Structures are given as structure tokens and as C-alpha cells.
Amino acid sequence: MDDPNTASKPETLVACPECDLVLRVSAPDKGQWVRCPRCRHPLVRPPEDRHLTPALAVAALVMLAVALSFPYIEFQRSGIGESMTVLDAATKLAAFHHPELGLLVFGTIVVLPALYLLAVLWIEFSLGRHPRLPGTRTLIRALHYCKPWMMADVFAIAALVSLVKIIGMAEVFLKPGFWTFAGFALFLLMVVQRVNPLVLWTRLEGPPQAPPALRPGLSARLQHYQGCEQCSQLQPIEHQHCDRCSARLHSRYPDSIQRTLAYLLAATIACFPAHLYPIMVTTSLGNTQPATIISGVLQFIAHGDWPIALVIFTASVVVPFGKILALGWLCLASRREKPLDMPAQMALYRFTEWIGRWSMIDVFVVAIVVALVRLGNLMSIDPGPGGMAFAAVVILTMLAAHSFDPRLIWDQQQRRTDDYDTLERRA
């Protein structure tokens, strides 16, 4: 932002959504990130080729359509075979009295990603014509909320874990749906990385207009202003809706600490049935063997699959409990009077927010093996009650991460700085 080569570029003032610092930002070069100098939050990065985004979105949708039309994995044992499609991962859960879990799987790996890609195509087409298409502003706002809940990439990794789990039972064949879904997950990830709400709002409405009274380098709230998280428009703190994009405004998330702690408490309670009840039940030649998350990890270790055991243990045990502890600490940090290592606090917050969705690996593994291993009396795997409880843990910890407002920690640091400056002036 201080590069002399950008001095002639038009500048505007925005408030960092993670630390509330008012920044003077100029349009970056293509492919270059603009980051907050205080908390290092990435603010904006224009894509190098704007036309590549809709092309990737179309390719991803084509890949998804092919993946849904062909078998995903085939499983054979003792001359008896069974194949599954991506849709079977959801429908078989619903057939075994777990419709909520089936709906969760279907929504996170198919419905939300498809709607996101269609919204991107609608927005890109709308931004290239006049007048704009109806619903463009609503769709741009919706992209922000869909992003954390799309888990096609997590499902693709879960499929690899499932292969290791069942490859010792019988022969496994990867079908066309497997490869095309992997391509869909990759293209979806590329589209998500290229979509930036600030860039979209600038293309739609022009750059945000900063009030003349604002001073960069200070908190927006201290100057009685607030920044819109959607379009970055700064406006008086009394406004409840953004004048530019009509999004709901919050100077700070209402009851952020209380809501975060409530989600964490509910997640902690759900951890007990999630780990005590079986997540799946395997029946082989009339012998029924329930498996909890921990027993599944021990089974991988017994077969020498240490890397997979480590992945499952990390995603299913370390990450959920770690998130609960980390978010609990951040809630406490927002009330501490002693100085904090702010880069470490922000790194902890961002890592906690990012990694939470990967705990869904175990839920997707259950969905895949339940849909695939259906060999009658020879062998079958059914979902256990622990699966829904564990999914609840993942969802609750994700909601807790999104309800926590990191600006509260910076407010505490700002108060200490203001108190110190006041004492210095008095001295």
C-alpha cells in the first residue's frame, strides 16, 4: 500500500473486518494481495484474468454433472460386487433412519457448491451488461455465507480415507465419478479463491466512498464509524443497514462472546455421545461389531495404517476439542487486561476458523462406506448414532468460530493503548 508506483492510483478508506483499523487502500496490481498492516488480514486481490472465473465455474458444474451421472466407487468380495454414486452417500444414510445426516452430506457436497457456482455465473454475466440482472446484489451478499459450508474437497479426501479402510476387505475400483468429482472439487476451490466480495462490489457500484472526517490508522469505532463486512463502505455507527449494499451492519457482533460460549457448551455436551456411541456398525457373516471414533483409529493402527489413523485422530478428536479450547481462550482473551501477543491470537483465530470444516471427514467416511459396503449377509456397514452427534459437534464449533468477533480483542488492546497515552499526556 506504500509502494510509490501506486501513488497515482485512486485511493479509498476501508475498515479491516478483523481488527477495525481504518486503512487507505489503492487498487493493487493484478494477482497482488492487499493486507491489513496490523493484523495481516487479506483485504482484496483482483484476479489476474477476470474471464477465467466463469470458465472455471462452468467447468466445475460440468464435472459435477458427470460425477453425479456415473458410479463413484465399486466394491467386490467373493464374486459379489456393489457400486455407489455420489448421491448414494446421502440417500443410503436417509434410508437407514438418518435423513438429517443424509441431507447434511447432500447439501454440503452438492447443493451449496452448485448454487455457489451458479451464483458466480449469474453475477459475472450481470456485471458485463446494462442494466444489471435482478438479484445480483443479493447473490453477492450470499456468497460470503455459503463459502464455509461447501465441503466437496473434504468429501474427496474422505473418499481416500475410505479406500484405505475398505481395501483390506475386498477389491476396490475407482470409477469415472471418482475422478470427475475430484476435478469438480479442485475447480470449485479455484473459483472460491478467485472470488472477492470487495472486487465484485467495486465492479457493481464503484469504489466505496469514504467520509472526509475519517483518519486512517485509527479504529473506525473510535471515530464513531463502522465498516460494512460485505462491501467495505464506511458509514456512521448509528446506521443499521449499509447505504451501498443494504447488508445488515454491526459495529461488533451482538452478544458475540455469549453466543460463542453457548455454542461451545452445546458442542462440549454433544462430544459425549459422539465419542461414546458407535459411529458405524459392521456386520460380517452374522457377526456384528460396533465401532466408535477411537476404536476406528485403533483399528487403523492395528493394521499398520498409521498415517490414516493420524488423520482420523487429528480431524475427529484433536480438532474438535482443540477448537473448543482455542475459542474459549479467545473469549477469555477479549476480556484480559494483560498485554497479548496479537499476531499469535489472530493466527490462532484464523487457523481455528479454517480447520473446523475438516472434522467432517469422519462423517463423510461413514456416508461412503455405508453406501458402498452392502453385500447382504456376507458383509454390510450401517450408520451408528454417534455419527449425527459428531456432525452436531462439527456444526456447533463452526458456528462458534463464525459468531466470535476478533475485533473485540483489538478493542481491549486499543483501550490499554488509550489509557497509556492518557497517562503520558498527564505526566
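Residues numbered from 1 in each chain as written. Predicted model: local features only at pLDDT ≥ 70, side-chain atom pairs only at ≥ 80, totals over all residues. Heavy atoms only, no water.

**Structural notes on the overall build of the protein chain**
Turning to step 1, where the next piece is worked out: Across its full length, the protein chain holds 14 helices and twelve strands.
Turning to step 2, where the next piece is worked out: In the protein chain, which comprises 427 residues, the share counted as buried stands at 51%.
Turning to step 3, where the next piece is worked out: Partitioning the contacts of the protein chain with sequence separation of at least 6, the portion at a separation of at least 24 is 69%.
Turning to step 4, where the next piece is worked out: Carbon and sulfur atoms make up 63% of the accessible area of the protein chain, which totals about 20,000 Å². (Helix = DSSP H or I, 4+ residues; strand = E, 2+ residues; numbered from the N terminus. Buried < 20%, exposed > 50% of the residue type's maximum accessible area, 1.4 Å probe, protein only. Contact = heavy atoms within 4.5 Å. Areas by Shrake-Rupley, 256 points an atom, 1.4 Å probe, with all protein chains shown as cover.)

**Description of helix α9 (residues 293-302)**
Turning to step 1, where the next piece is worked out: Turning to α9, its buried residues number three or more, namely Ile293, Gly296, Val297 and Phe300. Each buried residue of α9 sits inside an arc of 100 degrees when the element is viewed along its axis, so together they form one side. Those residues of α9 that are exposed and aimed more than 90 degrees away from the buried face are Leu298 and Ala302.
Turning to step 2, where the next piece is worked out: On the buried face of α9, the contacting elements are α5 (152-166), α8 (256-276), β11 (287-291), α10 (306-333), α12 (361-372) and α13 (386-403).
Turning to step 3, where the next piece is worked out: Positioned one or two residues after α9, Gly304 has a phi angle of 85 degrees, which is positive. (Arc of directions from axis to C-beta.)

**As for the confidence of the model for the protein chain**
Turning to step 1, where the next piece is worked out: Residues with a pLDDT of 70 or more make up 89% of the protein chain, whose mean pLDDT is 85.
Turning to step 2, where the next piece is worked out: A low-confidence stretch, residues 419-427 stays under pLDDT 50, and its non-local contacts, those more than four residues away or across chains, total zero contacts. (pLDDT = per-residue confidence, 0-100.)

**Quick look at the environment of Ile324**
Turning to step 1, where the next piece is worked out: Mapping Ile324 onto the fold places it in helix α10.
Turning to step 2, where the next piece is worked out: Accessibility expressed as a relative area gives 13% for Ile324, which makes it buried.
Turning to step 3, where the next piece is worked out: Residues Ile324 and Leu396 lie 72 residues apart in sequence; the distance between their C-alpha atoms is 9.8 Å.
Turning to step 4, where the next piece is worked out: In contact with Ile324, not counting residues within four places along its chain, are Leu264, Ala267, Thr268, Cys271 and Thr397.

**A closer look at the packing of helix α1 (residues 52-69) against helix α6 (residues 176-194)**
Turning to step 1, where the next piece is worked out: Running from N to C, α1 and α6 cross one another at 155 degrees; their axes reach a closest spacing of 8 Å. Taken together, the axes of α1 and α6 lie roughly antiparallel to each other. In the crossing of α1 with α6, the sense of the turn from one axis to the other is left-handed. Each of Leu52, Thr53, Leu56, Ala57, Ala59, Ala60, Met63, Leu64, Val66 and Ala67 in α1 lies in contact with α6, whose residues at this interface are Gly177, Thr180, Phe181, Gly183, Phe184, Phe187, Leu188, Met190, Val191 and Arg194.
Turning to step 2, where the next piece is worked out: By residue class, the composition of the contact of α1 with α6 is 15 nonpolar, four polar and one charged. (Axes fitted to C-alpha atoms, helices over the stretch in contact; angles between N-to-C directions. Parallel < 35°, antiparallel > 145°, perpendicular 65-115°, else oblique. Left-handed = near helix turned anticlockwise from the far one by under 90°. Nonpolar A, V, L, I, M, F, W, Y, C, P; charged D, E, K, R; others polar.)

**Some words on the nonpolar core**
Turning to step 1, where the next piece is worked out: Tyr72, Tyr116, Phe181 and Phe364 are the most contacted members of the largest nonpolar core, which has 120 residues in total.
Turning to step 2, where the next piece is worked out: By residue number, the principal contributor to this core is helix α3 (residues 99-127), which donates twelve residues.
Turning to step 3, where the next piece is worked out: Formed by seven residues, the second largest nonpolar core is a distinct cluster that contains Ala15, Ala220, Tyr225 and Leu234. (Core = buried A, V, L, I, M, F, W, Y, C linked by side-chain atoms within 4.5 Å.)

**Considerations on the sheet that holds strand β6 (residues 80-84)**
For sheets, the rule is that strands pair by backbone hydrogen bonds, running either parallel or antiparallel.
Turning to step 1, where the next piece is worked out: Taken together, three strands build an open sheet; the order of strands is β6-β5-β7 and the sheet is antiparallel. Two strands close off the open sheet at either side, each with one partner strand: β6 and β7 (171-174). The sheet shows a mean angle of 20 degrees between the axes of neighbouring strands, taken without regard to direction.
Turning to step 2, where the next piece is worked out: Both strand β5 (residues 73-77) and β7 contribute to a ladder of four bridges, which runs antiparallel. Looking across to β7, one finds that Glu74 is bridged to Phe173. (Pairing = 2+ DSSP bridges.)

**Some points on α13**
Turning to step 1, where the next piece is worked out: Across its 18 residues, α13 extends 26 Å between first and last C-alpha, which sits within 8% of the 26 Å expected from 1.5 Å per residue.
Turning to step 2, where the next piece is worked out: Counting buried residues in α13 gives 13 out of 18 residues, a clear majority hidden from the surface. (Expected span 1.5 Å × (residues − 1).)

**Some details on the packing of aromatic side chains**
Turning to step 1, where the next piece is worked out: Scanning all chains against the criterion turns up ten aromatic pairs.
Turning to step 2, where the next piece is worked out: When the centroid spacing of 5.3 Å and the interplanar angle of 70 degrees are considered together, the rings of Phe155 and Phe181 count as edge-to-face. Of this pair, Phe155 sits in helix α5 while Phe181 sits in helix α6, and the two are 26 residues apart along the sequence. As far as the burial class goes, Phe155 and Phe181 line up, both buried.
Turning to step 3, where the next piece is worked out: Geometrically, the ring pair formed by Phe351 and Trp354 is tilted, given 6.1 Å between the ring centres and 40 degrees between the ring planes. With a gap of three residues between them, Phe351 and Trp354 both fall in helix α11 (residues 342-355), about one helical turn apart.
Turning to step 4, where the next piece is worked out: Phe351 gets classed as partly exposed once you look at its relative accessible area, which sits at 47%.
Turning to step 5, where the next piece is worked out: Ring pairs connect the aromatic residues Tyr72, Phe155, Phe178, Trp179, Phe181, Phe184 and Phe364, which therefore count as one cluster.
Turning to step 6, where the next piece is worked out: Directly above the aromatic system of Trp358 lies the positively charged group of Arg357, at a separation of 5.7 Å from the ring centroid. (Phe/Tyr/Trp six-rings, centres within 6.5 Å; stacked < 30°, edge-to-face > 60°. Lys NZ or Arg CZ within 6 Å of the ring centre and 35° of its normal.)

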